[in-house]
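Each chain, letter by letter, is given below.
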Amino acid sequence: MRRPAVLVLEDGTAFTGQAYGAVGETFGEAVFATGMTGYQETLTDPSYHRQVVVMTAPHIGNTGVNREDDESGRIWVAGYAVRDPSRTASNWRASGGLEERLAAEGIVGICGLDTRALTRHLRERGAMRVGVSSVDTSATELLDRVRQAPEMVGADLAAEVSTVDPYVVEPDGEHRFTVAAVDLGIKRNTPRRLAARGIRTHVLPATSTVDSVLAVRPDAVFLSNGPGDPATADGAVVLTRELLTRRVPVFGICFGNQVLGRALGFGTYKLKYGHRGINQPVLDRATGKVEVTAHNHGFAVDAPRDGEAQTAFGAVDVSHVCLNDDVVEGLRCRDVPAFSVQYHPEAAAGPHDADYLFDRLTELIERA
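What comes next is a walk through the structure. (Residues numbered from 1 in each chain as written. Predicted model: local features only at pLDDT ≥ 70, side-chain atom pairs only at ≥ 80, totals over all residues. Heavy atoms only, no water.)

**What about the overall build of the chain?**
The helix and strand tally for the chain stands at 10 helices and 20 strands. For the chain, whose C-alpha radius of gyration is 20 Å, the value lies close to the compact-globule estimate of 21 Å for 368 residues. Across the 368 residues that make up the chain, the buried fraction comes to 59%. The contacts of the chain with a sequence gap of at least 6 include a subset with a gap of at least 24, amounting to 75%. If you sum the accessible surface of the chain, you get close to 14800 Å²; carbon and sulfur atoms cover 46% of it. Both charge centroids of the chain, one from 38 positive and one from 48 negative side chains, sit 2 Å from each other. (Helix = DSSP H or I, 4+ residues; strand = E, 2+ residues; numbered from the N terminus. Rg over C-alpha atoms; globule rule 2.2 N^0.38 Å. Buried < 20%, exposed > 50% of the residue type's maximum accessible area, 1.4 Å probe, protein only. Contact = heavy atoms within 4.5 Å. Areas by Shrake-Rupley, 256 points an atom, 1.4 Å probe, with all protein chains shown as cover. Lys, Arg positive; Asp, Glu negative; His and termini not counted. Charge placed at Lys NZ, Arg CZ, Asp CG, Glu CD.)

See below:
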């Protein structure tokens with residue numbers, strides 16, 4: 001028998017269900033993810049730090065969990081909401097069940113609620129603070145605590161998820177290039193995709209200075225994904241401007257795209273409910289190709305979509321846009337060696353339409 005649980009949004013809307021994972025109470029920003037698979041990669045993605053993730057796919061947990069698919073060393077979500085948790089796990093790679101893993105890592109969740117209704121509410125009202133509790137099911141009392149929780153706007157979280165000590169991921173086969181990856185919340189599959197192209201990756205803390213980055217003698221610098229409000233990432237923005245000034249090739253994804261955007265002089269803003277999932281259509285404006293891509297971002301770059309923008313580092317254009325809402329999904333610098341996308345080309349558990357962007361990085365290094 002499961003304990004009763006309640007989920008309360010900051011606008012007072014409440015959903016009842018049962019405890020899933022750890023029994024307890026948690027707070028965060030309520031967001032929804034639209035992937036029908038890849039729940040383990042979602043849970044261990046550092047970009048979900050301080051967020052309560054609502055899964056829109058109704059049945060979750062049927063393939064269990066394993067350590068090979070983790071995108072970091074722990075589960076980062078603040079809480080988890082699913083409609084119908086699988087009672088058994090059936091997969092030859094599984095080393096355990098999802099609920100047992102959630103409980104072991106202290107992740108408070110809720111199941112048995114109408115996640116479709118909750119998702120529709122978030123689409124209409126926007127992402128907002130939320131609380132989940134299986135120890136106090138009084139919606140009124142929980143609402144008071146929800147409204148005292150910190151908001152995502154203004155949250156400086158990259159340093160909380162970043163590595164403390166630098167480490168190196170060696171290339172597969174012959175060493176071709178060296179890349180310094182600034183860890184703002186990096187996923188493990190990124191150095192793997194670089195390694196497949198003969199790249200040695202030095203993963204460095206989010207607080208790295210330009211001197212510590214250049215000390216590894218990189219052929220390029222990678223700005224990773226990560227959580228929080230990009231308006232707080234002043235240190236990473238200063239670093240990126242230094243790199244652009246020295247004409248060091250730069251490639252950024254997700255949070256890194258927002259950091260590059262700020263370094264170029266653009267602003268950022270919070271989306272109403274963000275893009276999260278593995279089925280987001282993006283248009284490459286240079287080729288006309290539509291890519292199905294993996295996203296996890298609640299903020300976006302405010303850059304002009306028509307024509308080139310003139311910045312302190314030369315001309316910049318918007319290279320990719322989301323076909324759902326015309327949000328900027330990529331930047332390309334014309335006069336300095338830098339580009340970025342707002343989504344995940346490493347895409348674990350998929351799709352892999354954007355994997356070519358790592359080849360574009362090697363081409364940028366060769367030209368530079």
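**Notes on the side chain of Ser 319**
When you line up the elements, Ser 319 lands in strand β18 (residues 314-322). A relative accessible area of 8% means that Ser 319 is categorised as buried. Setting aside anything within four residues of it in sequence, one finds Ser 319 in contact with Leu 283, Asp 284, Arg 285, Ala 286, Gly 330, Leu 331, Arg 332 and Ser 340.

**A short note on the sheet that holds strand β4 (residues 51-55)**
Read once around its circumference, the closed barrel built from seven strands follows the order β1-β2-β8-β6-β4-β3-β9, with strand pairing classed as mixed. Averaged over neighbouring strand pairs, the angle between their axes works out to 35 degrees when direction is ignored. Inspection of the sheet shows β4 paired to strand β6 (residues 79-81) by three bridges, in the parallel sense. Bridged to Val 53 within β6 is Tyr 80. Against the sheet, helix α3 (residues 115-125) makes contact with β1 (4-9), β2 (14-21), β3 (25-33), β4, β6 and β9 (128-133), and its axis sits at roughly 80 degrees relative to β3, the strand it touches most. (Pairing = 2+ DSSP bridges. Axes fitted to C-alpha atoms, helices over the stretch in contact; angles between N-to-C directions.)

**A closer look at the pairing of β2**
Across five bridges, β1 lies against β2 in antiparallel orientation. By the bridge assignment for β2, Ala 5 is matched with Gly 17. With antiparallel pairing between neighbouring strands as the criterion, β1 and β2 make up a hairpin whose turn holds four residues, including Gly 12 at a positive phi of roughly 95 degrees. With four bridges joining them, β2 and strand β8 (residues 108-111) adopt antiparallel strand pairing. Following the sheet pairing, Gly 21 is matched in β8 by Val 108.

**Regarding the pattern of salt bridges**
By the definition in use, this model includes 23 salt bridges. Here Glu 99 makes a salt bridge to Arg 2, at a shortest N to O gap of 2.6 Å. Of this pair, Glu 99 sits in helix α2 (residues 98-104) while Arg 2 is found in the segment before β1, placing the two residues 97 residues apart along the sequence. Using a relative accessible area of 22% as the deciding quantity, one classes Glu 99 as partly exposed. Given the relative accessible area of 37%, Arg 2 is considered partly exposed. (Salt bridge = Lys/Arg side-chain N within 4 Å of Asp/Glu carboxyl O.)

**Considering helix α10 (residues 356-367)**
Spanning 12 residues, α10 covers 17 Å between terminal C-alpha atoms, matching the ideal 16 Å at 1.5 Å per step. Taken residue by residue, α10 has Leu 357, Phe 358, Leu 361, Thr 362, Leu 364 and Ile 365 as its buried positions. Taken end-on, α10 shows its buried residues confined to a sector of 155 degrees, consistent with a single buried face. Relative to its buried face, α10 has exposed residues pointing more than 90 degrees away, namely Glu 366 and Arg 367. Looking at the packing, one finds that the buried side of α10 touches β11 (177-182), α6 (189-195), β12 (199-204), β13 (220-223), β14 (250-253) and β20 (338-341). (Expected span 1.5 Å × (residues − 1). Arc of directions from axis to C-beta.)

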